[in-house]
Amino acid sequence: MRIARILYPVLTLGPGRRLGIWVQGCKRACPGCANPELWDPEGAGEVGVDFLAAAVNRLSRQGAPGIEGVTISGGEPFLDPAGLGDMMDFLCTVTSDILLYTGFRRRELAAYEERILSRAAVIIDGPYLQEHNCGHPLKGSENQTIYYRDEETRAVYTAYEEEMRGKHRVQSFSLREGKAVLGIHERNFREDYERRRDLYL
């Protein structure tokens, strides 16, 4: 699996203090995508589950509060379904709350139902359409669909959605290559961000 970022604590892509995993590579090139730097499939090296396990163990040794959930985004996780399946095998030992984003429609991924889809607490599917950016706390555009594993999960995430609705809350992480701004962005956020950044350079 090519993993571009592993960040913690992520507070803007699901309830609780989450481990965020961004995979590298996507063929869609959706206009207005929040992460165009993750399109190039060669933009990050291949890592195994042992790398991910080491990152989780390092957080534990550093005294980080417990991981309350995991959010997997990208990039497109299903560019490498075998690697994603291995990742899910491990992550299910860390938490039962796994939120998975994909640009595919769930019906297109039926072959992966048992190993991957059934193990996610929440799946948000469909490509990002900038013109349908709707300000939802969890999905980037209105065409995307949220699937909950069960009613208990739905209740937890519905409470999170109500808490976040209308806030357009984002979170910034400093990386070696610059900053990552996490969360569900407003339409044209990248142009606005670049303009504001240039004012202070």
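Keep in mind the model is a prediction, meaning the values are calculated, not measured.

Side note on the confidence of the model for the chain
And step 1. The predicted model of the chain has a mean per-residue pLDDT of 89, with 93% of residues at 70 or higher.
And step 2. For the stretch residues 195-201, pLDDT sits under 50, and the model shows zero contacts to residues farther than four places along the chain or on other chains.

Describing the sheet that holds strand E4 (residues 98-102)
And step 1. Within the open sheet, the six strands sit side by side as E1-E2-E3-E4-E5-E6. Their pairing is mixed. Two strands in the sheet have a free side with no partner beyond their single neighbour: strand E1 (3-10) and strand E6 (145-148). Strand after strand, the sheet turns through a mean of 15 degrees between neighbouring axes, direction not considered.
And step 2. In this sheet, strand E5 (residues 122-125) lies alongside E4 in parallel orientation, the contact comprising four bridges.

Comments concerning helix H1 (residues 49-61)
And step 1. With 13 residues, H1 extends 18 Å from end C-alpha to end C-alpha; this agrees with the ideal 18 Å at 1.5 Å per step.
And step 2. Residues of H1 that are buried include every one of Leu52, Ala53, Ala55, Val56 and Leu59, and no others. One side of H1 holds all its buried residues, which, seen down the axis, span an arc of 155 degrees. Residues Asp50 and Arg61 are exposed on H1 and point more than 90 degrees away from its buried face.
And step 3. In this structure, the buried residues of H1 make contact with E1, strand E2 (18-23) and helix H2 (81-91).
And step 4. Directly after H1, the chain includes Gly63, whose backbone phi takes a positive value near 80 degrees.

Some words on unusual backbone geometry
And step 1. Cis geometry marks the peptide bond from Tyr8 to Pro9, where omega comes out at -5 degrees.
And step 2. Among the secondary structure elements, Pro9 is positioned in strand E1.
And step 3. Following Gly74, the chain continues to Gly75 via a peptide bond in cis, the omega torsion being 15 degrees.
And step 4. Structurally, Gly75 can be placed in the loop between strand E3 (69-73) and H2.
And step 5. A positive phi angle is found at Ala29, which is not glycine, with a value near 50 degrees.
And step 6. Looking at Ala29, the relative accessible area reads 37%, which means it is partly exposed.

Examining the pattern of salt bridges
And step 1. Under the definition given, this model contains 14 salt bridges.
And step 2. Between Arg2 and Glu42 there is a salt bridge whose closest N-O contact spans 3.5 Å. Pair noted here: Arg2 is in the segment before E1 and Glu42 is in the loop between E2 and H1, with a separation of 40 residues, a long-range link.
And step 3. Arg2 gets classed as partly exposed once you look at its relative accessible area, which sits at 23%.
And step 4. Residue classification places Glu42 among the exposed residues on the basis of a relative accessible area of 58%.
And step 5. With its nearest N and O atoms 3.0 Å apart, the salt bridge here joins Arg18 to Asp97. Here the residue Arg18 occupies a position in strand E2, and Asp97 occupies one in the loop between H2 and E4, the gap between them amounting to 79 residues.

Looking at the nonpolar core
And step 1. Leu19, Ile72, Leu84, Met87 and Leu91 are the most contacted members of the largest nonpolar core, which totals 26 residues.
And step 2. Those elements that provide at least two residues to this core are E1, E2, H1, E3, H2 and E4.
And step 3. Considering each element in turn, this core owes the most residues, five residues, to H2.
And step 4. Look past the residues within four positions of Leu91 in its chain and what remains in contact with it is Ile21, Leu52, Val70, Ile72 and Ile98.
And step 5. In terms of nonpolar packing, the next biggest core, distinct from the first, is built from 20 residues, Leu7, Tyr101, Met164 and Leu182 among them.

Observations concerning the packing of aromatic side chains
Both the distance between ring centres and the angle between the ring planes are used here to describe each pair of aromatic rings.
And step 1. Under the definition given, this model contains two aromatic pairs.
And step 2. Here the aromatic rings of Phe78 and Tyr112 are separated by 5.6 Å at their centres, their planes lie at 40 degrees, and the arrangement is tilted. One end of the pair, Phe78, is in the loop between E3 and H2; the other, Tyr112, is in the loop between E4 and E5, and 34 residues separate them in sequence.
And step 3. Using a relative accessible area of 6% as the deciding quantity, one classes Phe78 as buried.
And step 4. Accessibility expressed as a relative area gives 30% for Tyr112, which makes it partly exposed.
And step 5. Relative to Tyr157, the ring of Tyr148 has its centre 6.2 Å away and its plane inclined at 55 degrees; by these criteria the two rings are tilted. Side by side, Tyr148 and Tyr157 carry an identical accessibility label, which is buried.
And step 6. Looking at Arg28, its charged tip hangs above the ring of Phe104, at a distance of 4.8 Å from the centre.
And step 7. Across the ring face of Tyr147, the terminal group of Arg106 is positioned such that the distance to the ring centre comes to 5.3 Å.

What counts and how
Residues numbered from 1 in each chain as written. Predicted model: local features only at pLDDT ≥ 70, side-chain atom pairs only at ≥ 80, totals over all residues. Heavy atoms only, no water. pLDDT = per-residue confidence, 0-100. Contact = heavy atoms within 4.5 Å. Pairing = 2+ DSSP bridges. Helix = DSSP H or I, 4+ residues; strand = E, 2+ residues; numbered from the N terminus. Axes fitted to C-alpha atoms, helices over the stretch in contact; angles between N-to-C directions. Expected span 1.5 Å × (residues − 1). Buried < 20%, exposed > 50% of the residue type's maximum accessible area, 1.4 Å probe, protein only. Arc of directions from axis to C-beta. Salt bridge = Lys/Arg side-chain N within 4 Å of Asp/Glu carboxyl O. Core = buried A, V, L, I, M, F, W, Y, C linked by side-chain atoms within 4.5 Å. Phe/Tyr/Trp six-rings, centres within 6.5 Å; stacked < 30°, edge-to-face > 60°. Lys NZ or Arg CZ within 6 Å of the ring centre and 35° of its normal.

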